[in-house]
Amino acid sequence: MEKLLIEGGHTLQGQVRVSGAKNSAVALLPATILAEGEVTLEGLPDISDIQTLKGLLEDIGGSVEQNGEDITIDSSNMVSMPLPNGRVKKLRASYYFMGAMLGRFKKAVIGMPGGCNLGPRPIDQHIKGFEALGAQVTNEQGAIYLRADELRGAKIYLDVVSVGATINIMLAAVRAKGKTVIENAAKEPEIIDVATLLNSMGANIKGAGTDVIRIEGVEKLSGCRHTIIPDRIEAGTYTIIAASMGKEVVIDNVIPIHLESLTAKLREMGVQIVEEDDRLIVTTDKVLTSVDIKTLVYPGFPTDLQQPFTALLTQATGTSIVTDTIYSARFKHVDELRRMNANIKVEGSSAVVTGPTKLEGAKVKASDLRAGASLVVAGLMANGVTEIVGVNHIDRGYASLTEKLKNLGANVWREDLQEDEVKNYQNS
Ligand SMILES: CC(=O)N[C@H]1[C@@H](OP(=O)(O)OP(=O)(O)OC[C@H]2O[C@@H](n3ccc(=O)[nH]c3=O)[C@H](O)[C@@H]2O)O[C@H](CO)[C@@H](O)[C@@H]1O
Ligand SMILES: C=C(OP(=O)(O)O)C(=O)O
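With an unreviewed UniProt entry as reference, the protein is termed UDP-N-acetylglucosamine 1-carboxyvinyltransferase, source organism Piscibacillus halophilus. A UniProt comment under Catalytic activity (unreviewed entry) is attached to the protein, and it reads "phosphoenolpyruvate + UDP-N-acetyl-alpha-D-glucosamine = UDP-N-acetyl-3-O-(1-carboxyvinyl)-alpha-D-glucosamine + phosphate". Looking at the Pathway (unreviewed entry) heading of the UniProt record, one finds this comment for the protein: "Cell wall biogenesis; peptidoglycan biosynthesis."

Encoded structure:
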């Protein structure tokens, strides 16, 4: 087990290259199950969620070959093996094995997914969708059993706008007989990316990226090549880091429109951002002013950037109110930021941040992926050294974080945890 150490206060400059999107890649890998052939994905991020998914694909008989950022999956010999807990619990996106295996094999047995602990994360809308397509879904001793004699297209209205349910229903519906319409669908760019891959495999999906998705089922899908979109949350995190400590930082491999809700808020705070085709140039030379944010479904402000953004707000003059409407309890980072001298109060689903406060390095714990990102942002701005445990959460979503930060001029390194630190971490 490792901890991440950051000596704060260094000005950052230079260029950072954003990796392929975690939340696309973690759906694209299970989607390859449907191909019954070879699919090559380009631009794979080097994160632990991908290693876990590779293991799951191999568990069901897939042949997986990775060469740097390219991965080829041959799904010809896959079978519908039960996937109990274990690996499945390590990440959220294992739920995509439900839709993909149901689509191809008409049956699946999968343990409940894990992922960041952000309060309740039900999957009722996924199940509602599978049932509407004709599947029987039961929960037996903590595993979800899905079976269908045949899948039939259906009209499905999602009661909550859900990224996971939208993608999962698409995965099953591409192989259903007839037409499926998903209404009140999520519109995140990752959904378009998954639909693009499925269409390249031979599916017929229209409307991805809008709130009505129409799918005409097909008999068979086949192999193809696909390039994963850049990670807008990783890009957003580096943009926030640049706004906090940057002189002039270039964020490369970005689709600027994916980050508009963030860049608009940063500009309101006084950060200068130049948008080019596939990069952002971020300069901060003014005192930052406070702003309020409310997380919303895309294209609103992403909940996954709420935690790192809250760390930046500790440096803004005035009071900022951060409201998370997607995960009302996504505030575990606040206690840790307080250890670093931040002035933040949580009231219901909002955090009230008063700034500016000089942050002090401290020993802190990343309770989840973006809480970790929040502590990294804070550590880079703080006096002295910040020690972050729970790095395994950060490694789920940030490729080569230490190297990328070092290239920008940060003093960041990793150390193995001592025995007593491991015990403290496990007991905390
Ligand atoms: C692997 C992946 O892509 N993870 C992302 C995905 O998670 P995930 O797909 O789990 O998130 P959803 O979009 O499904 O969740 C949005 C909201 O809907 C609720 N809900 C969801 C499904 C359901 O069946 N019932 C229900 O009530 C959730 O509790 C949450 O309040 O979108 C989240 C919201 O943008 C992001 O924070 C995660 O990074
Ligand atoms: C919540 C997140 O991930 P997951 O859904 O995979 O837990 C995230 O990426 O911020």
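Q: Is there a simple way to explain the site of ligand 2 in this structure?
A: As a structural note, the neighbourhood of ligand 2 is formed by Lys22, Leu91, Arg92, Ala93, Gly115, Cys116, Asp304, Leu369, Arg370 and Gly397. In terms of residue class, the shell around ligand 2 is built from 4 nonpolar, 2 polar and 4 charged. Domain assignment of the residues forming the shell around ligand 2 places at least three in each of domain 1 (2-19 + 230-427) and domain 2 (22-227).

Q: Sorry, what's going on with the UniProt feature "binding site: UDP-N-acetyl-alpha-D-glucosamine" (unreviewed entry) in the protein here?
A: In the UniProt entry, the feature "binding site: UDP-N-acetyl-alpha-D-glucosamine" (unreviewed entry) is given for Arg92, Arg121, Pro122, Ile123, Asp124, Gln125, Asp304 and Ile326. A residue is classified by how many C-beta atoms lie within 10 Å of it, and aspartate 304, with 24 of them, is buried. Aside from chain neighbours lying at most four places away, what touches aspartate 304 is Ile233 and Arg370. Structurally, the position occupied by isoleucine 326 is in the loop between strand S18 (318-324) and helix H10 (332-339). Not counting residues within four places of it along the chain, the set of residues in contact with isoleucine 326 comprises Thr295 and Thr303.

Q: Mind showing me how you'd approach the UniProt feature "binding site: phosphoenolpyruvate" (unreviewed entry) in the protein here?
A: Cross-referencing UniProt, the feature "binding site: phosphoenolpyruvate" (unreviewed entry) maps to Lys22 and Asn23 in the present numbering. Structurally, lysine 22 is set in helix H1 (residues 22-31). Those residues in contact with lysine 22 that sit more than four places away from it in its chain are Pro45, Ile47, Asp49, Asp231 and Gly397. On the secondary structure map, asparagine 23 appears in helix H1. For asparagine 23, a count of 26 C-beta atoms within 10 Å puts it in the buried group.

Q: Would you mind going over the site of ligand 1 with me for this structure?
A: Inspection of the region around ligand 1 gives 21 residues, with Asn23, Gln125, Ser162, Val163 and Gly164 positioned closest. Elements supplying a minimum of two residues to the shell around ligand 1: H1, helix H4 (124-132), helix H5 (163-173) and helix H9 (303-313). For the shell around ligand 1, a count of residues per class yields 11 nonpolar, 6 polar and 4 charged. Lining the shell around ligand 1 are residues from two domains, each supplying at least three of them: domain 1 (2-19 + 230-427) and domain 2 (22-227).

The rules behind each value
- Residues numbered from 1 in each chain as written.
- Chains lettered and ligands numbered in written order.
- Predicted model: local features only at pLDDT ≥ 70, side-chain atom pairs only at ≥ 80, totals over all residues.
- UniProt positions renumbered as here; feature names shortened; annotations may be inferred.
- Near = placed C-beta within 6 Å.
- Nonpolar A, V, L, I, M, F, W, Y, C, P; charged D, E, K, R; others polar.
- Domains from an automatic or database assignment.
- Buried ≥ 20, exposed ≤ 12 C-beta atoms within 10 Å, placed from the backbone.
- Contact = placed C-beta atoms within 7 Å.
- Helix = DSSP H or I, 4+ residues; strand = E, 2+ residues; numbered from the N terminus.

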